[in-house]
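The chain contents come next:
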8 protein chains.
Amino acid sequence: MDVTYLSDILKKVSEKSMDVDTALESLKHLPYEDIGYANIDQHRNLRTGEAEVIFGQGKTPEQIAGIVSHMMHDNARILVTRASAEAYEAVKAVAPEAVYEKLSKIIMVGAMPEPKAEKGTIAVVTAGTSDIPVAEEAALTAEFFGDKVDRVYDVGVAGIHRLFGKIDRIQSADVIIVIAGMEGALASVVGGLVEVPVIAVPTSVGYGASFGGLAALLSMLNSCANGIGVVNIDNGYGAACLANKIMKR
Amino acid sequence: MDVTYLSDILKKVSEKSMDVDTALESLKHLPYEDIGYANIDQHRNLRTGEAEVIFGQGKTPEQIAGIVSHMMHDNARILVTRASAEAYEAVKAVAPEAVYEKLSKIIMVGAMPEPKAEKGTIAVVTAGTSDIPVAEEAALTAEFFGDKVDRVYDVGVAGIHRLFGKIDRIQSADVIIVIAGMEGALASVVGGLVEVPVIAVPTSVGYGASFGGLAALLSMLNSCANGIGVVNIDNGYGAACLANKIMKR
Amino acid sequence: MDVTYLSDILKKVSEKSMDVDTALESLKHLPYEDIGYANIDQHRNLRTGEAEVIFGQGKTPEQIAGIVSHMMHDNARILVTRASAEAYEAVKAVAPEAVYEKLSKIIMVGAMPEPKAEKGTIAVVTAGTSDIPVAEEAALTAEFFGDKVDRVYDVGVAGIHRLFGKIDRIQSADVIIVIAGMEGALASVVGGLVEVPVIAVPTSVGYGASFGGLAALLSMLNSCANGIGVVNIDNGYGAACLANKIMKR
Amino acid sequence: MDVTYLSDILKKVSEKSMDVDTALESLKHLPYEDIGYANIDQHRNLRTGEAEVIFGQGKTPEQIAGIVSHMMHDNARILVTRASAEAYEAVKAVAPEAVYEKLSKIIMVGAMPEPKAEKGTIAVVTAGTSDIPVAEEAALTAEFFGDKVDRVYDVGVAGIHRLFGKIDRIQSADVIIVIAGMEGALASVVGGLVEVPVIAVPTSVGYGASFGGLAALLSMLNSCANGIGVVNIDNGYGAACLANKIMKR
Amino acid sequence: MDVTYLSDILKKVSEKSMDVDTALESLKHLPYEDIGYANIDQHRNLRTGEAEVIFGQGKTPEQIAGIVSHMMHDNARILVTRASAEAYEAVKAVAPEAVYEKLSKIIMVGAMPEPKAEKGTIAVVTAGTSDIPVAEEAALTAEFFGDKVDRVYDVGVAGIHRLFGKIDRIQSADVIIVIAGMEGALASVVGGLVEVPVIAVPTSVGYGASFGGLAALLSMLNSCANGIGVVNIDNGYGAACLANKIMKR
Amino acid sequence: MDVTYLSDILKKVSEKSMDVDTALESLKHLPYEDIGYANIDQHRNLRTGEAEVIFGQGKTPEQIAGIVSHMMHDNARILVTRASAEAYEAVKAVAPEAVYEKLSKIIMVGAMPEPKAEKGTIAVVTAGTSDIPVAEEAALTAEFFGDKVDRVYDVGVAGIHRLFGKIDRIQSADVIIVIAGMEGALASVVGGLVEVPVIAVPTSVGYGASFGGLAALLSMLNSCANGIGVVNIDNGYGAACLANKIMKR
Amino acid sequence: MDVTYLSDILKKVSEKSMDVDTALESLKHLPYEDIGYANIDQHRNLRTGEAEVIFGQGKTPEQIAGIVSHMMHDNARILVTRASAEAYEAVKAVAPEAVYEKLSKIIMVGAMPEPKAEKGTIAVVTAGTSDIPVAEEAALTAEFFGDKVDRVYDVGVAGIHRLFGKIDRIQSADVIIVIAGMEGALASVVGGLVEVPVIAVPTSVGYGASFGGLAALLSMLNSCANGIGVVNIDNGYGAACLANKIMKR
Amino acid sequence: MDVTYLSDILKKVSEKSMDVDTALESLKHLPYEDIGYANIDQHRNLRTGEAEVIFGQGKTPEQIAGIVSHMMHDNARILVTRASAEAYEAVKAVAPEAVYEKLSKIIMVGAMPEPKAEKGTIAVVTAGTSDIPVAEEAALTAEFFGDKVDRVYDVGVAGIHRLFGKIDRIQSADVIIVIAGMEGALASVVGGLVEVPVIAVPTSVGYGASFGGLAALLSMLNSCANGIGVVNIDNGYGAACLANKIMKR
């Protein structure tokens, strides 16, 4: 709820430049566009140049392309996560400059910004090779939001010397996203080695008693290391959002 | 169990117009037709013009078409939920006027009735675009049963101004069906804003720790708002049935 | 959110009887009282004579009594659910006329209203004797809200003649609350025998694979009978709230 | 462990017709044939004419056909459950007279025996049309074992008059197999109406909170009706085995 | 539903010895007594001398004693399962001859009948010493119903020679109740060694990943031995009921 | 692993002021004290004045007091979470100035520091009154770590005007800890209204299908609002740790 | 099944020193003693001096003492696990020299043997102080079986320098038992640092989403380090048994 | 962490043959190769001739082939588990001598070594034919590691004479891997019959309430036989690793 917007309306009513009924009506029409199957926020993008994000999973290619086309304008920067190759084909028809990152299933419309290096670095750390698709969803999202990212992949605890070989890169980051499937122990070990916020992403990598990522999720929630915030299984995007908000401080 | 029917039989026995054995036999043959793989109620439809419903999931196209053909008569009105395109092909062969709503997987035989607007309105509200297939199952079912429906889609709580922008439509409804996946928080928020009955439908929209809709289901069952009745995950049809029974009051 | 209240404020601003800052401030102070550990709604009770409700579980006797004392006024009608005997002692100190229903763990302050019989009847139906505490929570709540209640207890499906012996009372109700633990089959059977809305309350009655009411909960959610809304395990209060909202139509 | 067989060996040793080492060796070679990927019991079939059973799920068509070919002899009677169409093709190559029941996924080699009607009847009862594949697995197995079966399909509790219409067939059976998905309430209702043993088979029919048959399974295990034995989800074969053992008394 | 009873009523109506309204009324009053918190079947006991059973768990001592006192008459035989010592005290006040079996928590009113040995024997088999309370619930119930019981305790599979030492007693039984906690493997092993029906009772004996008996329950449901019917965790009473029904054949 | 410490050792070895064996030995003795049942870090506290923390749950009062006594020194600042009243008695014997916060079960040794207000504020927000113990664990921990805390209690979404009445306090915070049981929807609603990092703490407040906090946990993990990090159920301490790390940026 | 014993019987039958019936009978009476509620193996102890073990949980003090008294003889060595103080009192009455280890709830009758140091060492490693009771169950059991044990406690991964400070003790062991609750990550880290077999024991230490040890259990089963065998939650005894069998090689 | 390696570095620093910065740097570069998506250990293989292992699941064929090509050298011996046919095609391009075992999905590069028979034998035992793929993963891995393997397949407890027919092969093994799905009872029975370590592998073989192997997993964890270590569902490879470590003693 946009407090400024509300205050504006009240001011106009007070100045008699807006009558009560119109004001009441305006409160019902905060700036988004209803296209039937979606209500699209438009103000942020228009005013601030910030990136808009579409969660692609569960939407048809037509719906995704339709939302993109309503968001399009000069300098629009749009990120579509969990996008299929079919969705990309549909988006290209309305935004020809769109690019598709197959591994992370991300579509990007608009230029990747220069990272604001002075703000510091987000380390994106994975336990294994199979966790990389989730890691790339996190890394590309953070980069699209303007953050600097350092990728540290395949440093799981079973061969802890691999982790220690890269511990200085991890320790010099300002926020750390730890991505691990199976038993997810990497989050606890990294959490015990650093002083900065750690965001843990369990992945569905594993089989049998991993129960689709449940083992890693429970492991991370019960971490004996403190200061770890957990997001949903495979939610690289959400981890990047939280990291970005922390970086903005 | 049809008390009138039972009373009728007893009366005939008393009047000697039916002997005891026949009466006992009649009690075993309440009016449905056994076609081997299904027992079809026929009386309601014939007498009252009410819609018959077939739950399509788990039935073969042949079985569905077979049941439809036994239900067919002048002015028959039949709804098939969870129907595949193949089922529709089979039904068309026995009921050529049948129409198929692809999004909601509903087959309808017979005309959509005029909504009885004086009875009021059912608001069908979704958190996101991906919940629309379940919402359409609910909305079309309610309309086929004669209710007036107002569709309010994509008003999830992450952007609560979208909900408030349409709150008067929601608040003016007589029954509200809230459909949401992921964390299902919309049910609680809507439940706190209205005085009328709320029916909550968790959906399987989500991934990871949504566990196929379990997260939304538990969320809705534990709602801190009172007066919310919950139905099965993705059960748009069931929600419409309950709403219709409430509207009949 | 009280639309009338909002409209009032806007009107005053327009009429210059309230300045913008005061209006903005007022929007932040909708009528509830902050007593530190709780924010108490006061308007409804004061204006309408409707009952206020306190959910007692998880609150200390002191907190409950404190909230009651802030709600007290002439003709106040207050219901405390899930209240311990200790809570009752504390409440009596601030509201000496309070009564305590031990079986349902309900404290009531203020007179039980005459049921509005013309509105119809809520049938509260249990499968067994052990379900009665939950049933009484539902029945007393509904009666405190002004509804007429018919109690039909111990009619579980294992001896279905007991159910049929009372089926006319059940079929003549306007809303039916079905309360059952163990396998919860009573909800489906009743749901198949009536045309009015059914609210199903699973209870934690049972042992072993009932898993604290999970079996009954899942059973009711998956009912083959349509038009059943389910509430949380043992949530007799919530069922009464929903029934009351339906009765108000 | 075949006590007769053991006793025979001991007797021979005692009579010096078998030396100790041979006896010890014999105990290790009870009559089955090791074909590498399976150890095939052969005695029962050879001596008694009883049917042999192969659980087809998880075995390759080649393995199934291989086991069948080792079991083949004059008058062999072999049942393969959970068999794919491919498995049937492979079996036909070694047992050309084999027949395949597509609905129940059963292959049968050898003639279906005349049911021993004097032993009584097994009623196989389903809640819905979608439960029929499991029911046919049960019914065909029982018939292949020589039992008389009465099929009573689609009599779920949502329309309880359908059940009562066929209650005399159910009540006149000697053992009842109740097959139901969704909430599985039929088992409790039938269990309350009969005096004979009831075997309950939960099915995976349903969606959402049925969790693959878990809801029906828990419901049946918690039945308020007594004397119900439950088997695994979709285990029509196991139910028939238990029913057959009871019928043999 | 008592078909004879229904037939009687119809006959009387036909013979004009009962009018229609009385008949309709009678159908609503099948012979049970409503005492408010319970509906008590009375006919079976009165006519047949069969035992009545009260499930004590979840009922107050007063409720249990109240039900017993309504069931009392000459030669009444009443079993109360899951009864506390307090319940026993209350029952003794209305039925002084009642006895209490502390281990199995069973109260018995009326004499234990002579077992009908010609009907055969039920073997009650446990894996361990800790399973004995559940076993005694089963054994005493079966004996109270008139069955002959052979107790074979503490023969779990970890020391399989203990099982084999008593295998002839097990193999000579007509129905076998296998009671086991922890991993419940005894059911499968016994099931593979006998030809008669096996009823498996998982118990809550165990800790950690036994999850209150879930491990044993799942184990028994998935048994590779056929012909095993499973009842609820710790449900010795239910197992005895099923065994008794099988013995009656 | 303390890189400085490691580097120091290597330097000494290089300068011959430490021989290889001593160095190897030193690496095994990083500065903690082994008291048999615990290994106590001592350096941080001694050098930096930072608070030490003991997780009290699962430790005996003697163990807690023993660890405290080994940590004690001038200006020691020690926090014990999840401490029983008995633990407090034991601690007081070794640290007489210790204070005990009963609601949050926290023992504090050493003075509460002045909050560094320029760093900003952590808002601790609860849905209900019953969530306050967890909230106080979070708030006191953060304050003990030197952070400024704003408590906003009992603003759950069922009465969303209560939340809006305090939205400016919430929106002006730098990090927000949202604490909610039942369905945990408050996290999503707050997450949609603010731009700063949100830490969500599910609580075990609730009953029935809340399954000890599972419902709130899943709800928060599946939040449709982005940028939310979740910690373990009831883990107020962990939330404060993460908030503190974010505040340090 | 004791092959030597079986062979002996057969030999005697062959030599006519035992007739067939006696042999058959003997097979049913392998050397254990049936005391009604338990079948006690006696041979091992008598012949070999090995320790006998009684699992105390779920047995009454009387039963435990009864079993001990039947096992008693000169030089008897008996271990009772999960024993209450009451059980110890009862045991002392029949075995006055028994000692009780309160922390691990172990009763020991007979002298603790000298460890066979040449066989090597079992390291018992815990993550935290709260895991020590389970560790002591493991350590005392192993010592009672004659193994040498090295206790390494409170070296969880959150402060990994504590682990590294003791890594040489861990790496020099021949078998390692890792005991950890919460997220159980210690098993993976240790597993990656050693070449010998690792036995992982999840404990119920933790709260919230540890779900009684489930999180640690799943974590250990999904370990990315290879060569880890997992036992039940809190099963220190079982871990010691497996370690002892490995040490015997 | 390689203590020798660490000691070496320290020695060089002490001898001035390596300066401090280089040493610190070296500690960060333990011998593995970073190829972007994976960090490959190279030392073991190069120095010792031991087999390297790649876990194929979740890696693309290109990634697997890439890792193999970096591991390749004269006499390289590489095992790829959970490899698809596509992965095999990609590996063949870089290692033409690679062979593919379709049943177990294993790729092997390099010669199968002669088993060191003097070390003893690992018995790999399965309950059924469907468990063989997991068994072959275990058996081939152990053989590739140089162990002698005895395969004993299809000896599940439902026909316990099959197990006893091969008990001498099982009892003469030095380590036993028991592989079973469904209820997994074979682990307990074998565990009770042998004195050597038993490694239990639950498999996902089964349906319904086996819940993807959960039933067998819980069964094995709760085994009443002692000395059983459990690995993840279907984890034949992990079982072989643990067996190999035990065999090395």
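Throughout, residues of each chain are indexed from 1 in the direction in which the sequence is written. For this description, chains carry letters from A and ligands carry numbers from 1, given in the order in which they are written. Selection of residues for local features in this predicted model requires a pLDDT of at least 70, selection of side-chain atom pairs for listing and counting requires 80 or more, and totals for whole chains, interfaces and linings are taken over all residues. With hydrogens and water stripped out, all remaining heavy atoms of the structure feed into the side-chain values.

Draft legend 1. Structural view of the overall build of chain A. Across its full length, chain A carries eleven helices and eleven strands. The buried share among the 249 residues of chain A stands at 63%. For chain A, the share of sequence-separated contacts (at least 6 apart) that also reach a separation of at least 24 residues comes to 65%. The secondary structure listing takes helices from DSSP runs of H or I that are at least 4 residues long and strands from runs of E that are at least 2 residues long, numbered from the N terminus. Burial status follows relative accessibility: with a 1.4 Å probe on protein chains alone, a residue under 20% of its type maximum counts as buried, one over 50% as exposed, and anything between as partly exposed. Two residues form a contact once any of their heavy atoms are found within 4.5 Å.

Draft legend 2. Structural detail: the relation of the copies chain H and chain G. The superposition of copies rests on a least-squares fit of C-alpha positions from residues with pLDDT of 70 or more in both. With an axial shift of 0.1 Å and an RMSD of 0.1 Å, the rotation relating chain H to chain G amounts to 180°. What we have between these two chains is a two-fold relation. A shared interface surface links the copies, since 97% of the contact residues of chain H are contact residues in chain G too.

Draft legend 3. Summary view of the pattern of salt bridges. Salt bridges, as used here, are contacts in which a Lys or Arg side-chain nitrogen is within 4 Å of a carboxyl oxygen on Asp or Glu. One pass over the full model with this rule turns up 72 salt bridges over all chains. For Asp154 of chain A, the salt bridge is made with Arg162 of chain A, and the minimal N-O distance between the two is 3.5 Å. Judged on exposure class, the residue Asp154 of chain A and its partner Arg162 of chain A are both buried. Across the salt bridge formed by Asp150 of chain F and Arg169 of chain F, the nearest N and O atoms sit 2.9 Å from each other.

Draft legend 4. Spotlight on the relation of the copies chain C and chain F. Rotating chain C by 90° and moving it 0.0 Å along the rotation axis overlays it on chain F with an RMSD of 0.1 Å. The two molecules are tied by a four-fold rotation axis, judged by turn and shift. Considering only C-alpha atoms, the residue of chain C closest to the rotation axis is Phe211 of chain C, which sits at 7.1 Å. In this assembly the copies use different faces: only 4% of the residues contributing to the interface of chain C also contribute to that of chain F.

Draft legend 5. How the structure looks around the pairing of strand β7 (residues 121-126) of chain B. Residue and element names in this part refer to chain B. Of all six residues in β7, six are buried, a share of seventy percent or more. Residues Thr121, Ala123 and Val125 line one face of β7 and the alternating positions Ile122, Val124 and Thr126 line the opposite face, and both faces are buried. By the criterion used throughout, a crossover qualifies as right-handed when its path from the first strand across the helix to the second strand runs clockwise, the strands pointing away from the viewer. Running through helix α6 (residues 132-144), the crossover from β7 to the neighbouring parallel element strand β8 (residues 148-152) is right-handed. Summarising the sheet, β7 and strand β9 (residues 175-180) pair through five bridges and their orientation is parallel. Note on β9: the bridge partner recorded for Val125 is Val178. Strands pair, by our definition, only if DSSP identifies at least two bridges between them.

Draft legend 6. Region of interest: the UniProt feature "domain: PurE" (unreviewed entry) in chain A. Under the UniProt annotation, "domain: PurE" (unreviewed entry) lies at residues 120-249 of chain A. In residues 120-249 of chain A, helix accounts for 39% and strand for 19%; the two terminal C-alpha atoms are 11 Å from one another. UniProt positions are given in the numbering used here, feature names are shortened, and annotations may be inferred rather than shown by experiment.

Draft legend 7. Local environment of the side chain of Asn39 of chain D. Position of Asn39 of chain D relative to the elements: it lies in strand β2 (residues 39-41). Side-chain atoms alone can form a polar contact between residues adjacent in sequence; in general such a contact is a pair of N or O atoms within 3.5 Å, and within protein one must be able to donate a hydrogen while the other accepts it. Of note is the side chain of Asn39 of chain D, whose polar atom sits 2.9 Å from the backbone oxygen of Tyr153 of chain H.

Draft legend 8. Up close: the interface of chain C and chain F. With 23 residues of chain C in contact, the opposing surface of chain F contributes 17 residues. By buried area we mean how much accessible surface two parts lose on assembly, using a 1.4 Å probe and totalling the loss over both. When the two sides are added together, the surface that chain C and chain F hide from each other amounts to roughly 1800 Å², 54% of it contributed by carbon and sulfur. Connecting chain C to chain F are one salt bridge. At the boundary of chain C and chain F, one finds eleven residue pairs in polar contact (both at pLDDT 80 or more). Contributions of two or more residues to the side of chain C that touches chain F are made by β1 (32-34), β2 (39-41) and α10 (214-221) of chain C. Each residue is assigned to one class: nonpolar for Ala, Val, Leu, Ile, Met, Phe, Trp, Tyr, Cys and Pro, charged for Asp, Glu, Lys and Arg, and polar for all the others, Gly among them. Here the side of chain C that touches chain F is composed, by residue class, of ten nonpolar, seven polar and six charged.

Draft legend 9. Local environment of unusual backbone geometry. Of note, the phi angle at Lys105 of chain F is positive, near 60°, even though the residue is not glycine. Along the polypeptide, Lys105 of chain F turns up in the loop between β5 (99-101) and β6 (106-109). Overall, Lys105 of chain F belongs to the partly exposed group, its relative accessible area being 46%. Residues other than glycine seldom take positive phi values, yet Phe211 of chain H does so here, at roughly 45°. Take Phe211 of chain H: it is sitting in the loop between β10 (198-202) and α10 (214-221).

Draft legend 10. Expanded view of the pairing of strand β7 (residues 121-126) of chain A. Across five bridges, the pairing between β7 of chain A and strand β8 (residues 148-152) of chain A is parallel. By the bridge assignment, Val125 of chain A is partnered in β8 of chain A with Val152 of chain A.

Draft legend 11. Molecular detail of the domain arrangement of chain A. Residue and element names in this part refer to chain A. Domain ranges listed in this record stem from an automatic or a database domain assignment. Per the domain assignment, the segments of chain A are domain 1 (3-109) and domain 2 (121-248). Domain 1 puts 14 residues into the contact, and the matching count from domain 2 is twelve residues. When residues of domain 1 are sorted by the area they lose upon contact with domain 2, Arg82, Leu103 and Ser104 head the list and together hold 37% of the total. Our count for the domain 1 to domain 2 interface comes out at one salt bridge.

Draft legend 12. Structural context of the packing of helix α4 (residues 61-71) of chain H against helix α5 (residues 85-94) of chain H. Residues and elements named next belong to chain H. Contact geometry for α4 and α5: axes closest at 8 Å, N-to-C directions at 30°. For the crossing formed where α4 meets α5, the hand is right-handed. Residues Pro61, Ile64, Ala65, Val68 and Ser69 of α4 pack against Glu86, Ala87, Ala90, Val91 and Val94 of α5. For the contact of α4 with α5, the class distribution of residues is eight nonpolar, one polar and one charged. Interaxial angle, 0 to 180 degrees, is taken between N-to-C directions of lines fitted to C-alpha atoms, where a helix line uses only the stretch in contact. Note on convention: the crossing is left-handed when the near helix lies turned anticlockwise from the far helix by less than a right angle, right-handed when the turn is clockwise.

Draft legend 13. Broad picture of the side chain of Asn232 of chain D. Topologically, Asn232 of chain D is positioned in the loop between β11 (228-230) and α11 (236-248). Among the polar contacts listed, one links the side chain of Asn232 of chain D to the side chain of Asn222 of chain E, at a separation of 3.2 Å. Excluding anything up to four places from it in sequence, Asn232 of chain D contacts Val201 and Pro202 of chain D, Leu221 and Asn222 of chain E together with Tyr207, Gly208 and Ala209 of chain H.

Draft legend 14. The environment of Lys248 of chain C, seen in detail. If you trace the backbone, Lys248 of chain C turns up in helix α11 (residues 236-248). Sequence separation of Lys248 of chain C and Arg82 of chain C is 166 residues, and the distance between their C-alpha atoms is 25 Å.

Draft legend 15. Summary view of the sheet that holds strand β5 (residues 99-101) of chain H. Residue and element names in this part refer to chain H. Strand order in this open sheet of four strands is β3-β4-β6-β5, and the pairing throughout is mixed. Every other strand in the sheet has two partners, leaving β3 (52-55) and β5 as the edge strands with one partner each. Strand-to-strand twist of the sheet, defined as the mean angle between neighbouring strand axes without regard to direction, takes the value 20°. The pairing of strand β4 (residues 78-81) with strand β6 (residues 106-109) spans three bridges and is antiparallel. By the bridge assignment for β6, Ile78 is matched with Val109. Each of β5 and β6 touches α5; the most contacted strand, β6, lies at about 15° to it.

Draft legend 16. Representation of the interface of chain H and chain G in the model. Contact with chain H, which involves 31 residues of that partner, is made by 30 residues of chain G. Both sides of the chain H and chain G interface together cover about 2700 Å² of buried area, and 53% of this is carbon and sulfur. Scanning the region where chain H abuts chain G turns up two salt bridges. Where chain H packs against chain G, one counts 15 residue pairs in polar contact (both at pLDDT 80 or more).

Draft legend 17. Layout of the packing of aromatic side chains. Any pair of Phe, Tyr and Trp rings, taking the six-membered ring for Trp, is counted once the centres come within 6.5 Å. Such a pair is stacked with planes under 30 degrees apart, edge-to-face with planes over 60 apart, and tilted for the rest. This structure, assessed with the given rule, holds 23 aromatic pairs over all chains. Residues Phe164 of chain C and Phe164 of chain D carry aromatic rings whose centres are separated by 5.5 Å and whose planes lie at 85° to one another, so their mutual orientation is edge-to-face. Of this pair, Phe164 of chain C sits in helix α7 (residues 160-165) while Phe164 of chain D sits in helix α7 (residues 160-165), each in a different chain. Phe164 of chain D sits in the buried class, given a relative accessible area of 7%. Their ring planes at 15° and their centres at 5.1 Å tell us that Tyr88 of chain E and Tyr100 of chain E sit as a pair that is stacked. In this pair, Tyr88 of chain E sits in helix α5 (residues 85-94) while Tyr100 of chain E sits in strand β5 (residues 99-101), placing the two residues twelve residues apart along the sequence. Its relative accessible area of 14% is what places Tyr88 of chain E among the buried residues. Directly above the aromatic system of Phe144 of chain C lies the positively charged group of Arg77 of chain C, at a separation of 4.3 Å from the ring centroid. Placement of a charge over a ring requires the Lys NZ or Arg CZ to be within 6 Å of the ring centre, with the centre-to-atom vector within 35 degrees of the ring normal.

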